[in-house]
Amino acid sequence: MPTAARLSRAPAFWLVSGTLLLLMFAAAAPSPLYVVYQARWNFSSGMLTTVFAVYALFLLFALMTVGSLSDFLGRKPVLIGALLLEAASMALFAEARGLGWLLTARAVQGLATGAATGALAAALVDLQPASNPGFGALVNGAASTLGLAVGAFGSGLLVQYGPWPRTLVFVLLLAGMVVAAAALVLIPETVGRRPGALASLLPRARVPREVRKAFVAVLPALVAVWALGGLYLSLAPSLVVALLHVSNHLVGGLVISTMTGVGAVSSIALRARAPRSILALGSAALAVGALGTLAALGAHSVALFFAATAVAGLGFGGTFLGALSSVVPLTAPGERAELFSTLYVVSYLAFSLPAVAAGFAAPHVGLLRTAVVYGGAVAALSLVSLALVLTSRRKPDGPAGVAAAASRDGAAAERVPS
């Protein structure tokens, strides 16, 4: 039930897409700065990864509670409120004077991003062209990973070559959030207010009975892909400095951009293939990328490290898309929200907790040995996933349109945290 607005559906759709891109840019912006913060305030790698993980845990909490609030209050108020909260987190980053500031800023950012995630995904579907019903989901998944790639690169560029390296990126993002919040006032409201907002805040996560076997089968893939993502987005800049002896912060950001950028491209390129083949290709690439990364660190080769990162990016995009596409079509539409909640729980816990464990282990056993154990575990899980795909009984994938729709459903759920 759209309301009067100054923007028609087409420009409103692209404004919402740009807002998602900006939000994901902000999510990746702190990553190249972690090494700078650690050197300035002299905290351990364990605390560094804790700062990283706080974002994912608060984002998960927001997704599980206020993630569906826009279905009851409307898209615009939830989006505008989330962007203003995101602007507050950017102000905290810009003014950060110690570890406590970073933890608070990252927590507030996680809440804001989690609150906006569901509303942005729904708004893109609401406003997508009627002639292209899968376009909103496709843009949603692509903008998320592309935003992370651009954010890591842009932040690294400003930190290395811009003035005020610890504040400039956050000041610019703060201004961008305020402008985006003001612009969203102009989009049409596609959902009317209805009762049930308070009840929607109760966390719900469940795997429907008919999907449990398939869910267990893709569990190693989900854990592997997000654990590797957590390693890159938290410790990749530290690995570049300590083991590859490159102190340029742009290189640290470029590593993250390479993985997430290739992940975005691969998820788009593979979306029309059968879920089984996507998962097999993604799992194999993830294992090769993880082992190649370890070989590059051992050889102190920057070129090999970037090549392995690109392969890992292919696995990152393909494995997650294949896992989702293998499970989502088996679920009744009325049960998909609870399934997605469970997928988010698994993904964000795998994204954050192993990285924290690695951060606390590194000072005691060394960064290289920690990376070897971590990367080896990711490769092992990826190979388990590949074996499960190859040994499972082949089932008809149905018409190409069904496979494509399944992939688009997976893209709709895709959120790459940082």
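Computed from a prediction, not measured in an experiment: that's the story for all the values here. (Residues numbered from 1 in each chain as written. Predicted model: local features only at pLDDT ≥ 70, side-chain atom pairs only at ≥ 80, totals over all residues. Heavy atoms only, no water.)

> Please give an account of the nonpolar core that cites residues and values.
Ranked by internal contacts, the top residues of the largest apolar core, which has 119 residues, are Val 16, Tyr 37, Phe 170, Tyr 232, Phe 305 and Val 378. Element by element, the count of residues in this core is highest for helix α10 (residues 212-242), at 16 residues. (Core = buried A, V, L, I, M, F, W, Y, C linked by side-chain atoms within 4.5 Å. Buried < 20%, exposed > 50% of the residue type's maximum accessible area, 1.4 Å probe, protein only. Helix = DSSP H or I, 4+ residues; strand = E, 2+ residues; numbered from the N terminus.)

> Please give an account of the packing of helix α3 (residues 45-65) against helix α6 (residues 99-127) that cites residues and values.
The description of two packed helices rests on the angle between their axes and on the distance between the axes. In the contact formed by α3 and α6, the axes pass within 7 Å of each other and the chain directions differ by 30°. As judged from the angle between their axes, α3 and α6 are roughly parallel. Considering how the two elements wind past one another, α3 and α6 form a crossing that is right-handed. Residue-level contacts link Met 47, Thr 50, Val 51, Phe 52, Val 54, Tyr 55, Phe 58, Leu 59, Phe 61, Ala 62 and Leu 63 of α3 to Leu 99, Leu 102, Leu 103, Arg 106, Ala 107, Gln 109, Gly 110, Leu 111, Thr 113, Gly 114, Ala 115 and Thr 117 of α6. For the contact of α3 with α6, the per-class residue count stands at 16 nonpolar, six polar and one charged. (Axes fitted to C-alpha atoms, helices over the stretch in contact; angles between N-to-C directions. Parallel < 35°, antiparallel > 145°, perpendicular 65-115°, else oblique. Left-handed = near helix turned anticlockwise from the far one by under 90°. Contact = heavy atoms within 4.5 Å. Nonpolar A, V, L, I, M, F, W, Y, C, P; charged D, E, K, R; others polar.)

> Would you mind going over helix α12 (residues 275-299) in detail, with residue names and values included?
Compared with the 36 Å implied by 1.5 Å per residue over 25 residues, the 36 Å span of α12 between its first and last C-alpha is a close match. Positioned one or two residues after α12, His 300 has a phi angle of 55°, which is positive. (Expected span 1.5 Å × (residues − 1).)

> Describe a nonpolar patch on the surface, and please don't skip the residues or the numbers.
On the surface, Leu 57, Phe 58, Leu 349 and Leu 353 cluster together to form a nonpolar patch covering roughly 310 Å² of accessible area. If you list the elements that add at least two residues to the nonpolar patch, you get α3 and α14 (336-365). Counting through the fold element by element, Leu 57 comes out in helix α3. (Patch = residues over 30% accessible without salt bridge, like charges linked within 9 Å, V, L, I, M, F, W, Y side chains within 5 Å. Areas by Shrake-Rupley, 256 points an atom, 1.4 Å probe, with all protein chains shown as cover. Salt bridge = Lys/Arg side-chain N within 4 Å of Asp/Glu carboxyl O.)

> Please set out the side chain of Ser 382 residue by residue, giving values where relevant.
With respect to the helices and strands, Ser 382 occurs in helix α15 (residues 367-391). Residues within four places of Ser 382 in sequence aside, it is in contact with Ala 224, Ser 283, Leu 286 and Ala 287.

> Residues and numbers for the packing of aromatic side chains, please.
Taken as a whole, this structure holds eight aromatic pairs when the rule is applied. Seen from their ring centres, Trp 226 and Phe 320 are 5.1 Å apart, and the 75° between their planes marks the pair as edge-to-face. Of this pair, Trp 226 sits in helix α10 while Phe 320 sits in helix α13 (residues 302-327), placing them 94 residues apart in sequence. Across the pair, exposure class does not vary: Trp 226 and Phe 320 are buried alike. Positioned above the aromatic ring of Tyr 55 is the side chain of Arg 106, whose terminal nitrogen or guanidinium carbon lies 4.2 Å from the ring centre. (Phe/Tyr/Trp six-rings, centres within 6.5 Å; stacked < 30°, edge-to-face > 60°. Lys NZ or Arg CZ within 6 Å of the ring centre and 35° of its normal.)

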